[in-house]
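This is what each chain is made of:
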Amino acid sequence: MNILVIGNGGREHAVLLALKKSKRVNKLYCMKGNAGTAQIAQNVDVDYMDIAAVKKFLLSHPDINYVVVTPDDPLALGLVDELEKTGIRCFGPNKSAAIVEWSKAYSKELMSKYGIPTAKARVFTDYNEALVYVRQEGAPLVLKADGLALGKGVLVCKTLKEAEEGLKDIMLNKTFGSAGNTVLVEECLQGLKYNPGEEVSLLTFTDGKTVVPMVTSCDHKRAEDGDKGLNTGGMGTFTPCPFWTPELEAEVMQTIVYPTVNALNAEGRTFKGCLYFGLMRTDKGMKVIEYNSRFGDPETQVVLPMLKTDLLDVFEAVTDGRLSDIKIEWEDGACVCVVLASGGYPLSYKKGKEIKIGDVGEVTLVHAGTAIKDGKLVTNGGRVLNVVAKGKTVDEAREKAYKAIEKISWENMQYRSDIGIKYREG
Ligand code: AMP
Ligand code: GLY
């Protein structure tokens, strides 16, 4: 089969690397891709937010039998719906199901209606009403812009002053654009053992009937060591999550995962694809922080290398509604992904820096923001490369990843040196 993967980042390169292992895959395409995807797929220079242009490209490439849509914005735009109308098979939810990510207010209402554990919240469209509530609740609190805001629309406010300023920024100054027309004011959850609280990403495959959890992973959202600094798209991940147990998984499947999938069915929004649960362990059990309608980035970079089953078989089973027919198997052991970023990220940074790579040993270099310029590999984004290493334990994988990083350099490269060591029990 010939497959088109939509997206440009590390997640898409990781999906392509997993698909490449399938015996049934013939040719891979990536729209638009990066220098890494170009090594295993044909990059397609078409804007995937332009539905007519994507359709035109597919019409001129009848050899492409399947499209995988991974970024949030084309899912929210309804790219899957539009492609399916023309008879093209896709992996990814339609727009009405992807609402779990593109409207945080909708997700909150869904969880409240179906009794799915999450932080208490109120939704506001009026600034003055929101301000009264913020003052009444007091700090700490969390403010969330309703729509998609490149993963940046969440403010965790430790003081009332921060909360008041944040509310003004989101609702009046429109820091996150129209995403801030509606705001959620949310209770700040505390972790059971750690502060900030312990979070785990649980990605699942679902066809709307069967749900299969993937191996768990932990993201590192802050820019600096010790979970300090600004929020980013994610500076690294590791699997498995140290506090995850089979008992906890059973509890989460029963109280959160199946209730969510069933709730979406009951609302006529059957979800088919990868449904991502961002969870926090609190003293009152596991609670939902957020849903994503897609694979996480950089979670995918550590989860998919552990998949033993052919990814194309899984994708097609989801599309065709026969996920219960296949057995999905995972490797034991651990995997660590360290993100190498441009100096200054997540604020301003320079692009076009030449990347030098020596002998990195037994790791996979997943490309995020890279390009080829004048025959040289150069930086082309905030998050540039993901160094992915496997091991029997997280420590073994960590050691391999950081050893490899010594062989990689460019001007002002930055990364966290503590990926993989948080939430250790005992
Ligand atoms: P999100 O974009 O929804 O993943 O939120 C970004 C980050 O903000 C999360 O990963 C958490 O660290 C934090 N966060 C979001 N909601 C809450 C909450 N209700 N309580 C505490 N922290 C939160
Ligand atoms: N790593 C978090 C996300 O993909 O939203």
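Being a predicted model, the structure only gives us computed values, none of them experimental.

A.B. asks: I would appreciate a short explanation of the sheet that holds strand E7 (residues 141-145) in the present structure.
C.D. replies: The strands that make up a sheet pair up through hydrogen bonds in the backbone, lying either parallel or antiparallel. The strand order E6-E9-E7-E8 describes an open sheet built from 4 strands, whose pairing is antiparallel. Single-partner strands in this sheet number two, and they are strand E6 (121-124) and strand E8 (154-157). Averaged over all neighbouring strand pairs, the angle between strand axes comes to 20°, with direction disregarded. Of the pairings in the sheet, the one linking E6 to strand E9 (residues 183-187) comprises 4 bridges and is antiparallel in character. When the sheet's bridge partners are listed, Phe124 is paired in E9 with Val183. Packing against the sheet, helix H8 (residues 127-137) makes contact with E6, E7 and E9, and its axis sits at approximately 160° to E6.

A.B. asks: Looking at this structure, I do not really get the site of ligand 1. What am I missing?
C.D. replies: Contacts to ligand 1 come from 15 residues, most closely from Glu186, Glu187, Leu189, Glu199 and Glu290. A distance of 2.9 Å separates a nitrogen atom of ligand 1 from a polar atom in the backbone of Glu187. Note that an oxygen atom of ligand 1 is positioned 3.0 Å from one of the side-chain N or O atoms of Lys221. Burial of ligand 1 by the surrounding chains reaches 90%, relative to a free accessible area of 480 Å². Going through the elements one at a time, E7, E8, E9 and strand E17 (285-292) are the ones with two or more residues in the shell around ligand 1. Per-class residue counts for the shell around ligand 1 are 8 nonpolar, no polar and 7 charged.

A.B. asks: Explain the packing of H8 against helix H9 (residues 160-172) here, please?
C.D. replies: The axes of two packed helices give the description: the angle between them and the distance between them. Packing of H8 against H9 leaves a shortest axis separation of 10 Å and a crossing angle of 165°. As far as their axial angle goes, H9 and H8 are roughly antiparallel. H9 is crossed by H8, and the crossing has right-handed handedness. Across the interface between the two elements, Tyr127, Ala130, Leu131, Val134 and Arg135 of H8 pack against Leu160, Ala163, Glu164, Leu167, Lys168, Met171 and Leu172 of H9. Taken together, the residues of the contact of H8 with H9 break down into 9 nonpolar, no polar and 3 charged.

A.B. asks: Which parts of the structure should I look at to understand the side chain of Glu101?
C.D. replies: Mapped onto the fold, Glu101 is located in helix H6 (residues 95-102). Given a relative accessible area of 8%, Glu101 falls into the buried group. Engagement of the side chain of Glu101 in a polar contact is seen with the side chain of Arg294, the distance being 3.0 Å. In this structure Glu101 touches Asp72, Leu148, Tyr291, Asn292, Ser293 and Arg294, once residues within four positions along its chain are discounted.

A.B. asks: Help me understand the nonpolar core in this model?
C.D. replies: When a protein is soluble and globular, its nonpolar side chains tend to lie buried together. The biggest cluster of nonpolar side chains holds 55 residues, and the ones touching the most others in it are Trp244, Leu279, Met286, Val387 and Ile408. Of all the elements, helix H10 (residues 246-266) adds the most residues to this core, at 8 residues. Discounting residues that sit within four places of it in the chain, Leu279 has contacts with Glu198, Glu199, Val200, Leu202, Trp244, Val252, Ile256, Met286, Lys287, Val288 and Ile289. Residues Ala18, Val302, Met306 and Cys337 belong to the second largest nonpolar core, which totals 40 residues.

A.B. asks: Help me out: how do you make sense of the site of ligand 2 in this one?
C.D. replies: Surveying the vicinity of ligand 2 reveals the residues Asp219, Gly233, Tyr276, Asn292, Arg294, Gly296, Asp297, Pro298 and Glu299. Asn292 is positioned such that a nitrogen or oxygen atom in its side chain is 3.2 Å from an oxygen atom of ligand 2. In this structure, Arg294 approaches ligand 2 through a side-chain N or O atom, which is 2.9 Å from an oxygen atom. Its free accessible area being 200 Å², ligand 2 has 88% of it covered by the protein chains. Among the residues making up the shell around ligand 2, the classes are represented as 2 nonpolar, 3 polar and 4 charged.

About the cut-offs
- Residues numbered from 1 in each chain as written.
- Chains lettered and ligands numbered in written order.
- Predicted model: local features only at pLDDT ≥ 70, side-chain atom pairs only at ≥ 80, totals over all residues.
- Heavy atoms only, no water.
- Pairing = 2+ DSSP bridges.
- Helix = DSSP H or I, 4+ residues; strand = E, 2+ residues; numbered from the N terminus.
- Axes fitted to C-alpha atoms, helices over the stretch in contact; angles between N-to-C directions.
- Contact = heavy atoms within 4.5 Å.
- Near = heavy atom within 4 Å.
- Polar contact = N/O pair within 3.5 Å; in protein donor to acceptor, adjacent residues only side chain to side chain.
- Areas by Shrake-Rupley, 256 points an atom, 1.4 Å probe, with all protein chains shown as cover.
- Nonpolar A, V, L, I, M, F, W, Y, C, P; charged D, E, K, R; others polar.
- Parallel < 35°, antiparallel > 145°, perpendicular 65-115°, else oblique.
- Left-handed = near helix turned anticlockwise from the far one by under 90°.
- Buried < 20%, exposed > 50% of the residue type's maximum accessible area, 1.4 Å probe, protein only.
- Core = buried A, V, L, I, M, F, W, Y, C linked by side-chain atoms within 4.5 Å.

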